[in-house]
Amino acid sequence: MNSSGRKRKTAYFRIPLFLLLFALLLGALPLKSLAAGEVYSREDFYDLLADQLSRRELLMRYPTPDKDLGKSLVHMDWNKFEGHYNETEPLKSGCYLMYYVDSITLSYRSGYLQSLLSYRYSSLDMDTHFDKMKKLAVELKGETEFDTVLNVHDYLIKNFEYDQRKELGNHTDIEGFRDGIMVCSGYSLAAYYLLNAAGVKARVITGFGGDPSTEQGENHMWNMVQLDGKWYNMDITWDDNGAEPVYQYFLKSDREFPMHKRMGNYDSNYFNNLVNSESYPLPGKLLGSNMIKYLAFLLGVVILLLLMTFRVKKEKKVQVISIRDPRDFDFHDPGEGYGAGPRDVGYDGPGDWDGIVPEDEEDDDPDKE
């Protein structure tokens, strides 16, 4: 065979190989533009993007006839997606799923809005976690909605530890379930999934935990839960005292939910009016449990104070002052945190010295009869 024949044979061989590689590439990138649905509004895109996240798709193309809309969505505010809530399918909501995304790249071209996502966890890890959560939601589902909420609240407190020092930085439920320890967002995201999967509507709320007027606090996350058609606040993180659950922040109205300030997407009249004006009426056993734990806490504080007082009295020594001239006495400013000031030893001025005189000096007074 001559050289030209060998070249033609090699060229024919390369064409099928190229087509094979191209087919494999298409198989690796799940492009489903025709089945994705069209985008006519920002809300449409949020719904479609959340659906893409729920299926762990990497790349999607959405028909977007409105060119101006498509270009504006390319520069969307990612924080706005945090407030996305799909009322009919809560587990396909941006307020939950956005915490599983590492990055998102949007582009608009030829009437299509394209979204390319990268995830913080592998598909295997996420699938395994969600399967576990679905089974757990079935186990925690109670006879009533209240029973379900109570079961989820107590389960998370009894089985997980709050990362007080924030050493691990476990901000999602998947990380918390992996290590058994997490921060407030881990508790809140876990409660969101478990409650919605069990048929109880719940929201995640972001804001400030503490006193905004003094800035004593930090960014915080908690939940809102719907019972009997009414919404209530619930902070599982702050109900976790490291032992048995307490119910100080369980199904509360805004008035009985201090040190919580909704911010960002949740600082609006909509949420202010959404929360019920009265807290949920808790059963007597929970109220009694709260009272017993509160009294036990107070008793512990009283005992600690008594022990500290006894220790101070036991270690206290009599102060002996042999200096008669107050000008020679080195007074310390009581504001320094040590020593005593003039008022503490009865010194009212140079002409009125009422210092402490040692008993042995009184016995040695030659003028004493």
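Residues numbered from 1 in each chain as written. Predicted model: local features only at pLDDT ≥ 70, side-chain atom pairs only at ≥ 80, totals over all residues. Heavy atoms only, no water.

## Examining helix H9 (residues 184-197)
Right, so step 1: The first and last C-alpha atoms of H9 sit 20 Å apart over 14 residues, in line with the 20 Å expected at 1.5 Å per residue.
Right, so step 2: Burial analysis of H9 places 13 of its 14 residues in the buried class, the great majority of the element. (Helix = DSSP H or I, 4+ residues; strand = E, 2+ residues; numbered from the N terminus. Expected span 1.5 Å × (residues − 1). Buried < 20%, exposed > 50% of the residue type's maximum accessible area, 1.4 Å probe, protein only.)

## A short note on the pattern of salt bridges
Right, so step 1: In total, this model carries 12 salt bridges according to the counting rule given.
Right, so step 2: Note that Asp51 is salt-bridged to Arg55, the shortest N-O span being 2.7 Å.
Right, so step 3: One salt bridge in this structure joins Glu57 and Arg55, with 2.8 Å as the shortest N-O distance.
Right, so step 4: Classification of Arg55 by relative accessible area gives partly exposed; the value is 36%.
Right, so step 5: Among the ionic contacts, a cluster of salt bridges with common partners joins Asp51, Arg55, Glu57, Glu89 and Lys92. (Salt bridge = Lys/Arg side-chain N within 4 Å of Asp/Glu carboxyl O.)

## Focus on the packing of helix H6 (residues 123-140) against H9
Two packed helices can be described by the angle between their axes and the distance between those axes.
Right, so step 1: At a minimum axis separation of 8 Å, H6 and H9 run at an interaxial angle of 60°. In terms of their interaxial angle, H6 and H9 are classed as oblique. The two elements H6 and H9 meet at a crossing, and its hand is right-handed. Contact residues: Phe130, Met133, Lys134, Leu136, Ala137 and Leu140 in H6; Ala190, Tyr193, Leu194 and Ala197 in H9. (Axes fitted to C-alpha atoms, helices over the stretch in contact; angles between N-to-C directions. Parallel < 35°, antiparallel > 145°, perpendicular 65-115°, else oblique. Left-handed = near helix turned anticlockwise from the far one by under 90°. Contact = heavy atoms within 4.5 Å.)

## Quick notes on the nonpolar core
Right, so step 1: Counting residues in hydrophobic clusters, the biggest one holds 80 residues, and the most contacted among them are Phe45, Phe146, Val149, Leu156, Phe250 and Leu251.
Right, so step 2: For this core, the element with the highest residue contribution is H9, accounting for nine residues.
Right, so step 3: Excluding anything up to four places from it in sequence, Phe250 contacts Phe146, Val149, Leu150, His153, Asn233, Met234, Asp239, Leu282 and Leu286. (Core = buried A, V, L, I, M, F, W, Y, C linked by side-chain atoms within 4.5 Å.)

## What about the packing of helix H7 (residues 145-159) against H9?
Right, so step 1: Contact geometry for H7 and H9: axes closest at 10 Å, N-to-C directions at 145°. Crossing angle aside, the handedness with which H7 passes H9 is right-handed. Taken together, the residues of H9 that come into contact with H7 (itself represented by Thr148, Val149, Val152 and Leu156) are Tyr187, Ala190, Ala191, Leu194 and Leu195.
Right, so step 2: Looking at the contact of H7 with H9 residue by residue, the class counts come to eight nonpolar, one polar and no charged. (Nonpolar A, V, L, I, M, F, W, Y, C, P; charged D, E, K, R; others polar.)

## Let's talk about the side chain of His129
Right, so step 1: Here His129 shows up in helix H6.
Right, so step 2: Leave out the neighbours within four places in its chain, and His129 touches Tyr96, Tyr100, Asp173, Ile174 and Phe177.

## Thoughts on the pairing of strand E1 (residues 59-63)
In the case of a regular strand, side chains alternate between the two sheet surfaces.
Right, so step 1: Of all five residues making up E1, four are buried, and the element is well covered by its neighbours.
Right, so step 2: Sheet topology places E1 next to strand E3 (residues 112-119); five bridges connect them, and they run antiparallel. Residue pairing for E3: Arg61 is matched across the bridge by Gln114. (Pairing = 2+ DSSP bridges.)

## Details of the sheet that holds strand E10 (residues 260-262)
Right, so step 1: Here five strands make up an open sheet; going across it, the order is E9-E8-E7-E6-E10 and the pairing antiparallel. Every interior strand has two partners, whereas the edge strands, strand E9 (250-252) and E10, have only one. Each neighbouring strand pair of the sheet contributes to a mean axis angle of 45°, computed without reference to strand direction.
Right, so step 2: In this structure, strand E6 (residues 202-211) lies alongside strand E7 (residues 216-227), joined through 10 bridges in antiparallel fashion. Its bridge partner lying in E7, Val204 is registered against Asn223.
Right, so step 3: This element, H7, spans E7, strand E8 (230-234) and E9 of the sheet and lies at about 125° to E9.
Right, so step 4: Across the sheet, H9 is in contact with E6, E7 and E8; its angle to E7 comes to roughly 10°.

## Thoughts on H6
Right, so step 1: With 18 residues, H6 should cover 26 Å at 1.5 Å per step; its first-to-last C-alpha distance of 25 Å lies within 8% of that length.
Right, so step 2: For H6, the set of buried residues is Met126, His129, Phe130, Met133, Leu136, Ala137 and Leu140. An end-on view of H6 places all buried positions within 125° of arc, on one side of the element. Opposite the buried face of H6, at more than 90 degrees from it, the exposed residues are Leu124, Lys135, Val138 and Glu139.
Right, so step 3: The inward-facing, buried residues of H6 contact helix H5 (94-97), E3, H7, helix H8 (173-179) and H9. (Arc of directions from axis to C-beta.)

## Here we look at the sheet that holds E3
Right, so step 1: Reading across from one edge, E1-E3-E2 is the order of the three strands in this open sheet, with antiparallel pairing throughout. Bordering the open sheet on either side are E1 and strand E2 (101-109), each of which pairs with just one other strand. Averaged over all neighbouring strand pairs, the angle between strand axes comes to 20°, with direction disregarded.
Right, so step 2: Relative to E2, helix H3 (residues 67-74) is tilted by about 155°, and along the sheet it contacts E2 and E3.

## Focus on unusual backbone geometry
Right, so step 1: Positive phi outside glycine occurs at Asp228, with the angle close to 55°.
Right, so step 2: Looking at where Asp228 falls in the secondary structure, it is placed in the loop between E7 and E8.
Right, so step 3: Assessed through its relative accessible area of 61%, Asp228 is described here as exposed.
Right, so step 4: In the Ramachandran plot, Met259 falls in the positive-phi region, its phi being about 65° despite a non-glycine side chain.
Right, so step 5: Here Met259 is to be found in the loop between E9 and E10.
Right, so step 6: Met259 sits in the partly exposed class, given a relative accessible area of 40%.

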